[in-house]
Amino acid sequence: MSYAVDFATVSTTGLESSPVADALAGLRANEARYFKNKYDHVFTVEPASDAAETVGWVSRILEEERGIVISAPALEATEFEVEGIRMAYVFYESGLSINVMYALDEAGKRAVGFKLSDGMDVPEELGAFKFARQKSKLAGTIRGSYFVIKNEY
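This text gives an overview of the structure that appears in the document. (Residues numbered from 1 in each chain as written. Predicted model: local features only at pLDDT ≥ 70, side-chain atom pairs only at ≥ 80, totals over all residues. Heavy atoms only, no water.)

1. Points about the packing of aromatic side chains
One pair of aromatic rings is described through two measures. These are the centre distance and the angle between the planes.
(1) Moving on: Summed over all chains, the structure comprises 14 aromatic pairs.
(2) Moving on: For the ring pair Tyr34 and Phe35, a centre distance of 5.1 Å and an interplane angle of 85° mean the geometry is edge-to-face.
(3) Moving on: Overall, Phe35 belongs to the buried group, its relative accessible area being 2%.
(4) Moving on: Members of the aromatic cluster, each reached through a chain of ring pairs, are Tyr34, Phe35, Tyr39, Phe43, Phe80, Tyr89 and Phe91.
(5) Moving on: When the ring centre of Trp57 is taken as reference, the NZ or CZ atom of Arg86 above it lies at 3.6 Å. (Phe/Tyr/Trp six-rings, centres within 6.5 Å; stacked < 30°, edge-to-face > 60°. Buried < 20%, exposed > 50% of the residue type's maximum accessible area, 1.4 Å probe, protein only. Lys NZ or Arg CZ within 6 Å of the ring centre and 35° of its normal.)

As structure tokens, then:
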């Protein structure tokens with residue numbers, strides 16, 4: 001069942017099994033607020049089991065581009081298009097959020113972004129990345145990194 005993320009009232013719905021559920025819920029709400037404010041898009045997620053195609057697409061890009069396989073189970077995912085950009089998000093039990101920004105125009109930007117919830121360690125599979133910090137009223141301190149996608153997906 002899909003769930004429209006409310007950034008006014010942060011909820012751990014769907015993320016309860018995460019050891020950093022409150023921080024992950026704040027991170028998810030932070031993304032929802034961004035897309036509502038920038039694109040007037042309602043950020044709606046569904047259980048990862050119902051979004052196998054999206055989770056598979058993100059996993060394929062990670063593995064083929066950088067040989068990365070995320071060990072934590074995926075809890076939720078979403079995929080949508082805004083202003084010619086295909087966006088996909090996967091939220092993992094560890095507190096990790098991965099997004100793929102994939103411009104439909106070949107000349108556009110394509111990248112994978114990682115965000116770590118407050119209170120979680122950097123996953124071993126992402127140890128090669130340097131993470132920048134940003135403050136969020138909804139999510140506390142978010143650590144983020146990214147890489148540019150080189151191939152076609």
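Next comes the rest of the description.
2. Overview of the pattern of salt bridges
Two side chains that carry opposite charge are able to pair once their charged atoms sit near each other.
(1) Moving on: Enumeration over the complete set of coordinates arrives at 6 salt bridges.
(2) Moving on: We note a salt bridge from Asp40 to Lys36, for which the minimum N-O separation is 2.6 Å.
(3) Moving on: In this structure, Glu79 engages Arg86 in a salt bridge whose closest nitrogen and oxygen atoms are separated by 2.5 Å.
(4) Moving on: Residue class for Glu79 comes out partly exposed when judged on its relative accessible area of 33%. (Salt bridge = Lys/Arg side-chain N within 4 Å of Asp/Glu carboxyl O.)

3. Some remarks on the environment of His41
(1) Moving on: By the element assignment, His41 lies in the loop between helix H1 (21-39) and strand S2 (44-47).
(2) Moving on: In this structure, His41 is in contact with Phe35, Lys36, Phe80 and Val82, ignoring residues within four places of it in sequence. (Helix = DSSP H or I, 4+ residues; strand = E, 2+ residues; numbered from the N terminus. Contact = heavy atoms within 4.5 Å.)

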